[in-house]
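A closer look at the structure
One-letter residues, chain by chain:
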Amino acid sequence: MTCVDYPDQTAPNVKRSQIGKPLPRTDAPGKVFGSTRFAGDHTMPGMLHMCVVRANVASAILVALDVEKARALKGVVEILTAADMPTPDVQEEISGQDRTNGADTESPILAAERIRYYGEPLALIAAESRDIAEQARQLVEFELKPVRGVYDPLEAMKPGAPVIQGNSNIVAERKIRKGDAAAALENADFIIENTFRTPFQEHAFLEPEAGLAWVDENDVVNIRVCTQDIAHFRAIADAIGVPHNKVRIRGALVGGGFGGKEDCTLEKFLAVMARKTGRPVRLEYSREDSFVGHGKRHPLILRYKTGVMKDGTICGLDVEIIADSGAYLYLSPYVLLYAAVASPGPYRIDNLNVRARAVATNNMYTSAFRGYGAMQACAAYEQQMEEVAKVLEMDPIEFRRLNYLRTGDPVATGFVPPGAIWTEQCVDLAWKAIGGRAKPAQGPVKIGRGIAAYQQSYGRLSFLDDSSEAWVGVELDGTVIVRSGVADIGAGQVSALCQIAAEILGVSLDKVTVYSTDSAVTPMSGRTAATRTLYMTGNATKKAAEAIRTRLTHRAAQAFDVRQDEIEMADGTVAAKSNPGLSMSLGALAKICRDEGISRTELAMFHQTMQDNLDPETGQGQAHPDYVYGAHAVEVSVDTETGEVCVLRSIAAHDIGQCINRAAVEGQIEGGAQNGQGFALSEEMLYEEGRLITPSLSEYLMPTSMDMPRVESIILESRSGIGPFGAKGIGEPAITPVAPAVANAIADAIGVRVYQMPITPERIVNALAQKRQSAGQMS
């Protein structure tokens, strides 16, 4: 292997007063001392308690629904069924090229006739207590006539398969074509084909869905809820048949989202019941309700066919992706596109053919999850890179090095990312830190090391009209206020905005207060998703703060009789650089501006430049604004007798452009490592004919603190991103390479690959048995 030494790119490369520092986040004290009020902590006098009646089969006709016994129970105030819904559901609009079966794939608020997945809502109950509501749920009687369903996307595409909705089970399709993949494969020296499978995954956020709704004196439906998108107020208003200005979402700090609170979950239930009863209503999902109450990560089947030359150059790649969309469309077209764009990985492939399809089944619907399709693609392409290197008898790192994308190279869609591509640096640093290839171990417990590189977008799709607003103001005492509609889902999104404003206006972070997540009074910032918040709302906040700074420094320059560029703002003081004796407090300057009518506030919008949609036949064009690159290295021990895997070391290396808060970045990396390790080894939602048989955390196994090693973070800062100060993002990139790194480490340890995740002990033991059987046949 070639040894490459890099300058110390892991250290901050620009001196700033606030940006890049591991400062205590603005939300930290409340969470540490227990004073933060999450959505589930809010109550009101006289409120009702809700529960949801759900279907107990996955494919059926609703023949009868009788709620009279439940309605007669003392303490039951209201029961609503599909017949009581003001309007049919209104799905988020998706452009025509993104959906195949669009008009036929909407989901109702409550099922009226057809049941398409296990847990589909049938009725809503509101009662004087939660116990009474639960008792009433047991008294609801319904008759379901089973209908033949389909639970495998491959079976769902076959002629004669039951059609879930409309006239086809293929609900979305994407193609990416570049060069001539067929000819390149025909001329390749070696062709390596493999199929990889990834599972459903549950978000399992610490805080299950919870909310409180009431109708105020202005006939406005107020909803206090844990959500990733307060802009849902419009869809909620449409669904309950009221004007948009009659619904107000008052968000709260969110106890984990990961994409699971990006769609509307219980907001429409709350809104319709609050209007119907005229009383405050509260709904909080149990963990079991949550498991069937929101969409999951898409399970993917990924077939890779890679053509290489003897020197290790990848000459052609053919990829087929099949995604299980479940019973309803939701965000499947977008997730599918992310997977397709990401499928070649951070590698230069001139001849490429990708065909991706999302297929409806009677499984639980699938939607947004951290990594958003690109994570599943990485799980496949990084294992494929190792398998190709094995055939070539090349060192896997050197094989990657030969084929890396470099800064200035176009990605699969022909777009040249504006930011740096530091994959090579990240891989080399992570691999050096893990210690390179492990030495063979004696006995049944084997040690293995693996690595995975990645390409992950940040920002929403470039052909979507995305914008974000932020308001910044300086008070008369020199303190600063930031207002933003951004939802903080635990990653410190609102604190980052404060840190940006503090940097520009020359104050410490404790002098900044933020008001967020209220659709009626905070500027609309868009959803917290797609690693877009820092890029979009961070830039809006920076833009607003810079406008204020320009006006303030202009007035200070007049006061000090110096040029404007001579003015500096730091530690709450405004001074002339050339003469520190010329200074005043920021509060004093704010008062002067107030007296003279100079605005100390600014509302700014940052608008993503909108691009044309990708070519529907070739997929060429700009899919995303930019990409993050990095790597993850893992060391594991594998007991070859039991199949037990222990992750011993976990090392991440990411170029995030520019840290805003180093401690927050490290937290995201550590959380992503846990999330990805679970995906690789243990987290599996098992269904039998659509019925969930792992309905709680007793059966659905997530890594605990006892299962996790200390995660080591190597943070590179190219300052090449299009976010504020050259930032990129880390929310989704942190998870993307973890699972394939674990898979590659296991393969290194036991000498055989398990092609299906999670890589459970049973699958490892079976793979080793097949290896021994094959060896016996060969001998």
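This write-up is about the structure you can find in this document. (Residues numbered from 1 in each chain as written. Predicted model: local features only at pLDDT ≥ 70, side-chain atom pairs only at ≥ 80, totals over all residues. Heavy atoms only, no water.)

This part covers the pattern of salt bridges. Summed over all chains, the structure comprises 43 salt bridges. Its salt-bridge partner being Glu 141, residue Lys 69 comes within 2.9 Å of it at the nearest N-O pair. Taken together, the residues span a long stretch of sequence, with Lys 69 in helix H2 (residues 68–72) and Glu 141 in strand E6 (residues 141–146) at a distance of 72 residues. On the basis of relative accessibility, which here comes to 52%, the residue Lys 69 falls in the exposed class. The partner of Glu 712 in a salt bridge is Arg 649, with the nearest N and O atoms 3.2 Å apart. Here Glu 712, found in strand E28 (residues 711–716), pairs with Arg 649, found in strand E25 (residues 645–655); they are 63 residues apart in sequence, far enough to count as distant. Looking at Arg 649, the relative accessible area reads 24%, which means it is partly exposed. (Salt bridge = Lys/Arg side-chain N within 4 Å of Asp/Glu carboxyl O. Helix = DSSP H or I, 4+ residues; strand = E, 2+ residues; numbered from the N terminus. Buried < 20%, exposed > 50% of the residue type's maximum accessible area, 1.4 Å probe, protein only.)

Here the focus is the side chain of Lys 261. Within the element layout of this structure, Lys 261 appears in the loop between strand E11 (247–251) and helix H7 (267–277). Taking the relative accessible area as the measure of exposure, Lys 261 reaches 1% and is therefore buried. In this structure the side chain of Lys 261 is engaged in a polar contact, spanning 2.7 Å, whose partner is the backbone oxygen of Glu 207. A distance of 2.9 Å separates the side chain of Lys 261 from the backbone oxygen of Gly 256, its partner in a polar contact. Apart from the residues within four sequence positions on either side, Lys 261 is in contact with Phe 205, Glu 207, Pro 208, Cys 226, Thr 227, Gln 228, Asp 229, Val 254, Gly 255 and Gly 256. (Polar contact = N/O pair within 3.5 Å; in protein donor to acceptor, adjacent residues only side chain to side chain. Contact = heavy atoms within 4.5 Å.)

Relative to each other, helix H9 (residues 332–342) and helix H10 (residues 374–392) sit at 35°, their axes nearing to 7 Å. Where H9 crosses over H10, the two elements pack in a sense that is right-handed. For the pair H9 and H10, the contacting residues are Tyr 338, Ala 339 and Ala 342 in the first and Ala 374, Ala 377 and Tyr 381 in the second. Taken together, the residues of the contact of H9 with H10 break down into six nonpolar, no polar and no charged. (Axes fitted to C-alpha atoms, helices over the stretch in contact; angles between N-to-C directions. Left-handed = near helix turned anticlockwise from the far one by under 90°. Nonpolar A, V, L, I, M, F, W, Y, C, P; charged D, E, K, R; others polar.)

Spanning 13 residues, helix H13 (residues 493–505) covers 19 Å between terminal C-alpha atoms, matching the ideal 18 Å at 1.5 Å per step. Judged by how many residues are buried, H13 sits mostly within the fold: 13 of 13 residues are covered. Positioned one or two residues after H13, Gly 506 has a phi angle of 70°, which is positive. (Expected span 1.5 Å × (residues − 1).)

So, on to the nonpolar core. Counting 86 residues, the largest nonpolar core has Tyr 304, Ile 321 and Phe 399 as the members making the most contacts within it. In this structure Phe 399 touches Val 308, Gly 312, Ile 314, Met 385, Val 388, Ala 389, Leu 392 and Met 394, once residues within four positions along its chain are discounted. Grouped together as the second largest cluster of nonpolar side chains are 37 residues, Val 486, Ala 544, Ala 576 and Ile 660 included. (Core = buried A, V, L, I, M, F, W, Y, C linked by side-chain atoms within 4.5 Å.)

Residue position: Asn 56 is located in the loop between strand E1 (48–54) and strand E2 (60–66). For the pair Asn 56 and Pro 45, spaced 11 residues apart in sequence, the C-alpha separation works out to 34 Å. Among all residues touching Asn 56, those that are not within four sequence positions of it are Tyr 118, Phe 142, Leu 144 and Arg 691.

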